[in-house]
Every structure is written in structure tokens, then in C-alpha cells.
Amino acid sequence: MTRVFRLFILLWCAAVGMMAQEEKVSVPPSIETEGPAELLERGRAAFAANDFLQAEAALEKFIVDYGAAEEAKEAARLHRPLVAICKVGLRKFDEALKWIDESLLDPKMDKSLSDELRFWRGICLMTGGELVAAQRAFGEYWAEERHNAFKRYEALLLFATLYVQQDFPAEAADFLEEQLPQVREASPEAAGRAVVLELHARLQAGQHDEALAVVRREFGNLGGMTQVVSFQTLALQLGAALLERERYHDAISCLQRIWPARRLIDHQNAKAVEIEERIALLEPQPNTQGVVFQLRSILGRVRRELENFEKVEHFDSALRLRLAMAFQGLGRYRESALILEEMLATLPPDPVVENAALAQIQCWMETKHWPKAVAAAERYGEVFGAEGKSLPMVLFLKGEALRENEDPGGAQLAYGELVERFPEDPFAAKVRFLQGFLYLQQDDNEGALYQFEQVRRRHPESEMVEDADYWTGMAHSFSALHAEARRHLEGYLERWKTPKYKKEATFRIAVSTFSLAEYPEAIGRLAAFVAAWPDDPLVDEANLLLGDALFGEGRNDEGFAAYGRVRPEAGRYFEEAWFKKGKALRLLDELSAMRKHFEAFVLEHPGSGRLPEAVHWIGWAHLQEGKVERARDIHWKTIEEYGDDPGRHTVVDLLAGLPKVYASGGAEARTDLLTKLQLLKSRAAVSDRTTLALRTGWGKALVEGGDRARTELLSIARWVDPKRHDPVVSVAVAEAQLASGNRFVAKELLSEIRRWHPRVVERDRIYRALGDIAVEEGDIDRAVGYYERFEREMATSVHLGEVRLKLAGLHEGAGRTDAAREVLEKTLETAGVPAAVKAEVLLRLGRSYAEEGEDRKAIVHFERLYVAYGKFGELNARAYWARGQALERLQLLREALETYEEFVAREDLRSFAEVEEAARRIEVLRREQPIESGGRGAL
Amino acid sequence: MNVFVSNVLLAFLCLPAVARDVIVLKSGESVACRLDELTDRLVNVTLSGGAEVPGGSARRTFPVDQVERIEFAFVPGEEEVFLRRATASADVLKTWWDRAVSHLHRPRSRAAAWGVAYADALLREESERGPDRALSVYDLVLARAWSPEDAAAAKQGRLRALMSKGDLATATEEARALARETEDPALLLEAEHLLAMADFQALRELEEEHPRWMEDDEVRPRRHALYHRILDQFLKPHLFHATHEEVAARGLLSAAELLLFGGERAEAKARFEDLLFLYPSTGSSVEAAKQLESLSPNPSDVP
């Protein structure tokens, strides 16, 4: 008997109260001595009191002992069914069957009794293992519409159950599906159970499509279903089966129709309360026992489901995890991640949830949603902490996500946490290697070398050791330690039987040899590399270096041949080879050949970024040959030919280079250049070649300089299209507009340039100008935003110091003294900031401290100014004066006097007004204040 | 029992069913009558026909504190409009709302139903000031309606009005609270979808404003954050409320469209396919099918 079948029978019996006779009631011994009348009386009374044991004993004895007698025949006929019922009640199904069959032979038997016995006959046959006969009995019972309605539905379900029992689940399911419309309206509760059985049978039959159809069909009826938990549990099984068969869409469709555990429990609790209320309402009313009995059966089923379900662990997590897996199976990582995210937010931690947390991070990684991956990893750490069995992997993934999110610092921290907390974890070696690699990417070769060494020392068995070994050689190479690089990589090739970086190491050894200027050996190594890997992309670089080395050895023809082998598809290496070839021709004094070489470049590669360079060399060759006009002509020809194409940005470089081409002719040549530029600009404008007109106007402004340049730039402003045109031109025009007071136009133009060229090199000028405009407009926050962006993005700009001064000024103006000082201090430490700016910064810092009454700090900055930046007279004068004043406030009068004296003694500062003030203070201090020694010591 | 009331009851219990107001007293008795005047202190009615006033009528006054409720009969023409109030015009409904508004707080009055119907019509008709006017009606009903059902309807209407006004933040917040109270996420889903749509528009504007956003280190993270947020939001009904099929399908369709906008063609195609598979009978599936067809390679292009 299958588990489901046994369960069904037990539940059914319990529901109809058959188990009520469990307690053993002993049969009174007097029965053996009682006569027929007493037996009948005792039996009937016991039967009426539901005491089946006594009733059975008395009535069976009566029928067996006296039933054959003529006068007792009628009584025996009447009481035979009662004995059958007693035996059923006592679960003596095998004995009951005989009594039922004998009773049913009686044509005069009461209809309701006959109805009852026919139903129980099926039960007896079923429990006796006579499944076919039982099914037939139930089938006959169901087919007869006059039978008890309640039992008919039970018979229907038992009929179907017996199909399942006999291993015909498909037949059971088809039968139920066919009968359901009849049942649904008459007995929704029985219909609900029929649906549960149908779904179970479909699953048993492996009919997943049909089972899914049941889940879809019945979803709208869940509210009315008594055994909704069983149904949903089966649906979960179906979802899992579909998932296992990689039917992801179907699995999703199924799993999406399953309620969460809380809802199921709430629903069943509400159902139980509703049934209890109905029972309470009906019970006191007459003629409702039947309904009450049914309701109690239903209530029992609901409660049992609830009890069983409340013991089920991880229902929700299992459901969500499966749903997430189905989405993952479809490659819908975002959906999967979102489900897992919600699951983690609402479910208490358990092993399933922990796996889900890891899967969530991986899904976010798949979607390249790095911040989410990082957040998920952090959440894992918060929820599962050190107990999390996947914490090392989580930390690794977090580091990877941070690295991908361009946060190398954060990545280093995550990697560092992993190796610190889990030094023996298999991930540790990989992470140490990645730490080294991150250092390499940040040009910290020393840091990289340290980490690679750690991989070798701490994880000698790891496969990452080889990677660390190779990259150690590369780190030496990046540090220009070519001898170390070569030695290490040669060692690498020896240390590993089949080195996975063999090609790369061989190439790098050749490059290092070349870099050490050991050309004969380099030639051999590079040639060997080219021969060994003729199709490798590295071959072009190798040929380029080979050419250099061959020229270095005076093997010019071979050198030319090597350059010639660099393939056009090698891009910059190809161009580099071309220009090296040109340079070689120049050094060999083959000027005509060199000129033709570059003329060919201009002709064949007009789109190259190195076009102006090629034109320059053509012009240079002409100049060497004394052909000044031809040198100039090639520039004009190229500018005219390509100048109107907005995509050829290098034309502006040609224009910028024109003053050099005209440098030899003095003022006359300059005038000639300006005239030619004006003419070209006019011709271009007339012929609607506005890009060319714009560029030549800009070129003319470069030559003009000063106010004329601004006028020129304003004249070409109408042609500027910030989207298409060279930002260097557009920015110059915008700056001219700003200088002319056209703030709004300048702002619009600058904003548009930034919009279309967010990474343009001129963005330092753009941010500075937009910041200045914002200041003029009184929008300080916006100005601070632009200046800070300048700081972040243009740290190498020559204007950085100047912009920081402005930024500090804004902070000061807004009362943010600390922020202002921080900016100023930072400026002092920044390399490349002009000395004049640093001097100004010192003065500002000194004043800032002085204004706050921190004179001791102030005097240091003032002194530092005139000691370190003595050439900036005006600033020096102010610093001396301010320092003297601060010292006086500190009552360090001797030092103040010394400062003033030093100040007035400086010849170069005599013209500044502060000198006179200082002289007056000297007089006062000398006259009024007796100077005591030891003042400096107080500093 | 009050003798007067008993007599009245006896007189009217057997009256034929005609459109009459009924006053139910706190004592449990009820009186069929015509309501003449109703204040917060007194109820004046006219009793007509029956044993007490055979062939005539009698005016009676009840103190309000004795009255449990009044069941208002329909006045001529009212019932017909009331039955079709879900489709009636705002102009028509306004008349009835204006007549009923003074009874808004009275148990069993239809005033709240008229108010909700009127405000619904204002929203339905999409006039410029409609959402504002509707909002004020819903708020009034919310403040004074006697039945929780009317208050709930007004609450939902208020959310729709807020959405129409574009105040999605408030709408979402209130929808979230409403979803918690009622376990019905429909309005929350609606509000969140509208929020996501507004964000999608903001994304379009951002990309228009920054056509080279991918090169812009400051804009790129903002753009990505917005893009991912909208995508997640669009997908949520599909993932967590899939049985609200139309809403789930609409979200999935929007997600696919967003992916298409973001240049993630294969990802978009996958979502259109999901939609057709999981929500084949929804309105959104038609659009998904069209989109999928346009994304499929032209057979003539295949070598």
C-alpha cells in the first residue's frame, strides 16, 4: 500500500469518526448466558449508544445462535446489517464484508441502511486489498445518484485513489478532471480535494504539462480550497520537477502561483475559524447533524494540514530559491538576483538562505551591477558574519566587484580582509596575486612585487605561483629594471616545465635585452620570436624593435626590412614603423626619399592622427633643400584639403604649427601668414566651408594674440558647433566671449562643449570658466562643484593651483575655514603648482590662522613665504608685515622688531607701502618697548 | 417601547413597498416616512397613509439622539443615475453630489458613494483641473464618510488623483501604507509603475542632456544607478505579483523597452520572449510580439 493511499485511508477514517472505537470495552461475561430477548435488547441498546463492541457481541451471538430459528429469522434479518456496521466501527473489515454481503442479499432492507453498507463494502474490500472489487464498489456507489451525496463524493475520491493505488495515476487524474464539473458546484470542498488528488496523480503519472494546467486552472479557486496547503506543496514539487527538467519558463509559471507560507497559514487559520463559526451556528439548530458532521470532517482536515505544514521548514526559502534558479536557468540573472534579494530581506537566516545570499552576489556580478554585488556581499557579512561558510568566496567576489567598479582601494581592502582572516583558504593565493596585479595597474610595482612574493612564500602549492612568478618579471620590466626582468623571466622559463606564459616571457626577455642596448643579442632574440610566433600580434612590436636594433648595429637594409614587416593592422606600431623609417632616411640624409616617404603617408593615411607630423617632416625636408615656399605650401595644401572636415581634428595641429613654418621670415613672414589665414578664412566662409573658416580664424587668433585674438575669435563664434568642432577651438571662442562680457553665451557654449566632449583635455579651462561664471552669478555651490570637479579630473593641469585658490576663497567666504585650509594645504603639497601660487597660498594660510587668533601658526606660514619664495616682492612685503603684526600680538616684540628690520633692509621690497608701516613700528618698538632677550625661545 | 413609535410601526408595517425614507430608531423600531427636514438636532418627517393617518398624512419630529440611522429613499431620477454612476459624466454626478454632501457623515447616506463616483468621473474625464477637484472630494469623503468601505474607496481614489497630479512620491508612500492595511498591492503597483515611468523619462532626459554620458565620469554612475533602479522597479510586479497578470506583463514589457533603450538588445529580446510565454493573454503580449518581430533578423539578411 503506498504511503499516500494509507494516509488517505487513515485521514478518511479519522474524519468520519471510525477511530472513536479505539478504547477497548470489555464484553460483559453475562452475554454468554443471556437468552435471545436479552441479547437483542442488550445489542440494540449498545448500538444506540455507539458501543459497537457490546452491540456486535450481543447481536452476532443472537444471529449465530438463534437466527436460524423460524421465529428469529425476521429479527436476524433486521439486525444483520447492524452487526456489519458494528464490525466496520470496530475496523474488523474482513469480518464486516461477509456480514455486509449477507445483509445486501436482503431485498427488504432499509434503503438508507443499504446505502450505508454499500459504501462500507468498498472500504472493506479496499482494506482487504481487493482493489479492483473495491473500485468497482465505489464506482457503483458514485454512479447511483440516489446514494448519500456526502458519501458519493467520498466514493468518487476513493475510486480515483484506487486507480492511483493500482498504478494508474493518469487514469485517476483523467477521471477526476472529467467528473470535477459535476462536483465543483455541488460540493466545492470535495472538489477541492479532488483537485489535490488530480494534481498528485498527474505528478505520479509524470504528466507535467497536465499538472501545470491544473495549477494554472485552479489558481483562481485557491481561496475556496480546504487542502490548499497540500495543493501548493504539490505545486512546489511540480515546480521542482520542471526545474530539474530545465523547463524554466514552465517552472516559473508554476512557482509564481504558490503562496508564501505565512499566507497559507493565515488562510488555513481563517478557514478553520470560519468553519468553527459555522458549526457553532448550526449545532443548536435541529436537523443539522449531517452538515455539522461534514463540517467537522473538513475542520479536521484543515487542522491536520496546518499542523503538518507548521512543521515544514524552509518552505518559503525553498520556493524562492527554486524560482530564482529557474530565472537563473534562463539566464535572467537580474530577476534571480532580485528574488534572492527580497528573500534575504524577509527570511531569517538558514542554510538555504545562506546559499541564496551567495547566489545573489554571483547574479549581480553576472549583470555587471557592481554596486549591488558589493552591497550583497556586505549584507552577507552582516547577516552570516564569521559563521558564513562561504565568507572567503564572498570577500573574493566583493573585491572583484569593487575592482570592476573602478575602486581599486576598496578592492584591496576586501582582498586584504580575505587573506588576513582566511590565510589558508584556497582563495587566499588568488587574492594575493590579484592584490599584486592591482598594484601593477596603479603603477605601484614595488607593492606588486611584495604581493607576488607572498604568493610564492605563503602558498607554494597554489597554481597562482606560476602567475606570480611571471608577473614578477613583468613588474621588474615596468620598473625599467631590464636586467632583473630578463634574469627573472629566464628563470621563469626554466622553473616551469610547460610555462603557460612562454611566448610572453620570451618576448619580454627580448624586449629587456633590447632595452639594455645589447643589440646583437636582442636581434637574435627578436628574430627568433618572430620566427616562432609569426602570426602573433606581438610580432609587429617585435619587428619594430628589431628594426631599431638593426639600425643600432648599422644593418640599415635589414632594419628597413624589419620596419616594413610591421603590418598595417598593427595600428600605432605600423605608424611608428613608418615614422621610424622616415627618421632613418633623415639620419641617412636621404631627404628626398624621406619627403616622398611622408608624402606617401599623407596620401595613404589622411585620417591618421600623425598627419600633421608627416606634413611637418615634408615641410622640414623642403626647408632643408631651401624651398621655403614649398614647405609652407604643403601645409596650406593639407589644411585646405582636409580643413573643412570636422572629423579631421589634426588639422588644428597643422594650423598651430604654422607660426614655426613662418618663423624664419620675421615680421614680414608673420604678416604674410596672417594675410594668408585671413584670405583662406574668407574664401572658406564664402564657399560655406564653415569648419575650415572657423579653424583658420582660430589659427589667426593664435598668431595675433592679445585683444586682436579675442576679436578674431568673436568673429568666428557664429560657426562654432560644439558637437562637431574641435574643443580646442570652441573653448577658445567661449573664453573670448567670457572675456568680452558675454557671460551667458560663454556659459551656454562651455556647457555644450562639455556635454559633447566630456573627456576633452580642455575641460580644465571649461570647469574653471564655468566656475568663474557661477561665482559671478552668485551661485557659490555650483562654482564649488565645478572647481572641485576640476580638482578631481584635472589634477595635472597647470591651472590647478589657481583653481584651488579660488575654491579656498569660496570656502572662506562661506565660513568653511577648515575646508579652505585643507584645500590650501593640499595645494602646497601638489607638485607642479607654480611657485607664485604656492606663495599666495602661504599668505592666505597665514592670514587665515591670524584671523582666527592662531598667530603662532600664522607666523610660520608668513615666514615660509618670504624664505622660500623671495622673488615675489608684493607677497613678501605683505608676509613680512603680517608676520611682524602677529608677533606683536603674541608679545614677541623682539622677534617682531627683527622681522620689521629684516623687511626694511630688503632692497627689492622698498617700493611697497608696508615698508613705511614697518619702519614706523620699528621706531615705536625701539622707543617704547624695552626689548628683553629670550623672546625667540618662546617660539 | 415608546407608545408613539409602536403605533407608528403598527401603522406602517403593512404598507405596500413604495420609495420611502426609513428612520431606524435606537430602540430598534423603524419608521417609513418622507423626510422633510434633517438637521443635526431634529428630523422632521411626514407620515402618510396607514391606520394612524388614514387617507391623510401627519408630520412628526424626532430628536436626532433617538435616531440610529436613516435609510434614504431614492428621489425621483436618482436611482437610475445611481445605478450607472460608474459611467456617468462628472457634470451629472456633481448635481447629485451637491445635493447629498450635507448627509456625508450620516450613517447609510449615499453621499459618499456619490462623492466617490463624482471624483472618479473627474479623473476619468482627464480635464486639467480634474485631479485637484477630485482630490478635494476624496479628501472630504475620507474625512467624513461614515462607512469604512466608502473611506477605503476614497483612499484609493485619492491615490489615483495624486498619480494624475504627478505627485508620485506621496502616492507611493500612501499606496505602500494602503497595501499594508489591505494586503492588496494593486495601487502600490500602480504608483510604483508610474514612478518608474517618471524615472525612465528622467533617464531619457539625462542621456539627451549628456549624449556622451558613457565618457563622463560623473554622469556615468548617475546614469547607471538610475537605469538599474528603473529596471529593477519594472521587473518587480513580474517577480513578486505575477498573478496580477496585466500589471506584471506591463512591467516586463517596460523592462524590455528600457533594455532596448539601453542598447541591451539580446536582454530585451529575452524579456519579450518571457512575456509571451508567461503572460500570453495579456494586452502587453501584443506589443511584445510586435517588438520581438522587429528584433528578429530579417530572413533575407541571413546568409
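One can find the structure itself at the top, above this paragraph.
Note that this is a predicted model, so its numbers are computed, not measured.

Scoring rules and cut-offs
Residues numbered from 1 in each chain as written. Chains lettered and ligands numbered in written order. Predicted model: local features only at pLDDT ≥ 70, side-chain atom pairs only at ≥ 80, totals over all residues. Helix = DSSP H or I, 4+ residues; strand = E, 2+ residues; numbered from the N terminus. Rg over C-alpha atoms; globule rule 2.2 N^0.38 Å. Buried ≥ 20, exposed ≤ 12 C-beta atoms within 10 Å, placed from the backbone. Contact = placed C-beta atoms within 7 Å. Core = buried A, V, L, I, M, F, W, Y, C linked by C-beta atoms within 7 Å. Axes fitted to C-alpha atoms, helices over the stretch in contact; angles between N-to-C directions. Parallel < 35°, antiparallel > 145°, perpendicular 65-115°, else oblique. Left-handed = near helix turned anticlockwise from the far one by under 90°. Expected span 1.5 Å × (residues − 1). Nonpolar A, V, L, I, M, F, W, Y, C, P; charged D, E, K, R; others polar.

## Description of the overall build of chain A
For chain A, the helix and strand inventory stands at 48 helices and 0 strands. A compact globule built from 939 residues should have a C-alpha radius of gyration of about 30 Å, whereas chain A, at 49 Å, is more than 25% larger. When burial is assessed residue by residue, chain A has 46% of its 939 residues classed as buried. Considering only residue pairs separated by 6 or more positions, chain A has 52% of its internal contacts joining residues 24 or more positions apart.

## Notes on the nonpolar core
Grouped together as the largest cluster of nonpolar side chains are 335 residues, with contacts concentrated most on Ala160(A), Ile361(A), Ala373(A), Leu526(A), Tyr118(B) and Leu275(B). Broken down by element, the residue count for this core peaks at 11 residues, all from helix H4 (residues 111-124) of chain B. Among the nonpolar cores identified, the runner-up in size contains 8 residues, and Ile23(B), Val31(B), Val43(B) and Val45(B) belong to it.

## Side note on the environment of Glu793(A)
All names here are of chain A. Looking at the element boundaries, Glu793 is found in helix H41 (residues 780-793). Taking the C-beta count within 10 Å as the criterion, Glu793 has 17 such neighbours and is therefore assigned partly exposed. Spatially, the C-alpha atom of Glu793 lies 8.6 Å from that of Arg763, the residues being 30 residues apart in sequence.

## Thoughts on the packing of helix H28 (residues 538-552) of chain A against helix H29 (residues 556-564) of chain A
Packed helix pairs are specified by the crossing angle of their axes together with the interaxial distance, meaning the distance between the axes. Residues and elements named next belong to chain A. Contact geometry of H28 with H29 gives a least axis separation of 8 Å together with a crossing angle of 165 degrees. Relative to H29, H28 is oriented roughly antiparallel. When the axes of H28 and H29 are compared, the crossing they make is left-handed. On H29, the residues that touch Asn543, Leu544, Leu546, Gly547, Leu550 and Phe551 of H28 are Asn556, Glu558, Gly559, Ala562 and Tyr563.

## Details of helix H24 (residues 464-478) of chain A
Residues and elements named next belong to chain A. With 15 residues, H24 should reach 21 Å at 1.5 Å per residue; the first-to-last C-alpha distance of 20 Å fits that figure. The buried fraction of H24 amounts to 12 of the 15 residues, a majority that puts the element mostly inside the structure. Buried within H24 we find Met464, Asp467, Ala468, Asp469, Tyr470, Trp471, Thr472, Gly473, Met474, Ala475, His476 and Ser477. Of the residues flanking the end of H24, it is Ala480, one or two places downstream, whose phi is positive at about 60 degrees.

## Observations regarding helix H20 (residues 391-404) of chain A
Residue and element names in this part refer to chain A. End to end, H20 covers 20 Å across 14 residues, agreeing with the expected 20 Å (1.5 Å per residue, within 8%). Burial runs high along H20: 13 of the 14 residues are buried. Just beyond H20, the residue with positive phi is Glu406, at close to 60 degrees.

## Notes on the interface of chain B and chain A
Counting residues at the interface gives 19 residues for chain B, matched by 21 residues for chain A. Elements that contribute at least two residues to the side of chain B that touches chain A include exactly helix H9 (219-240) and helix H11 (265-278) of chain B. At 6 residues, the largest contribution of residues to the side of chain B that touches chain A is made by H9(B). Split by residue class, the side of chain B that touches chain A holds 9 nonpolar, 3 polar and 7 charged.

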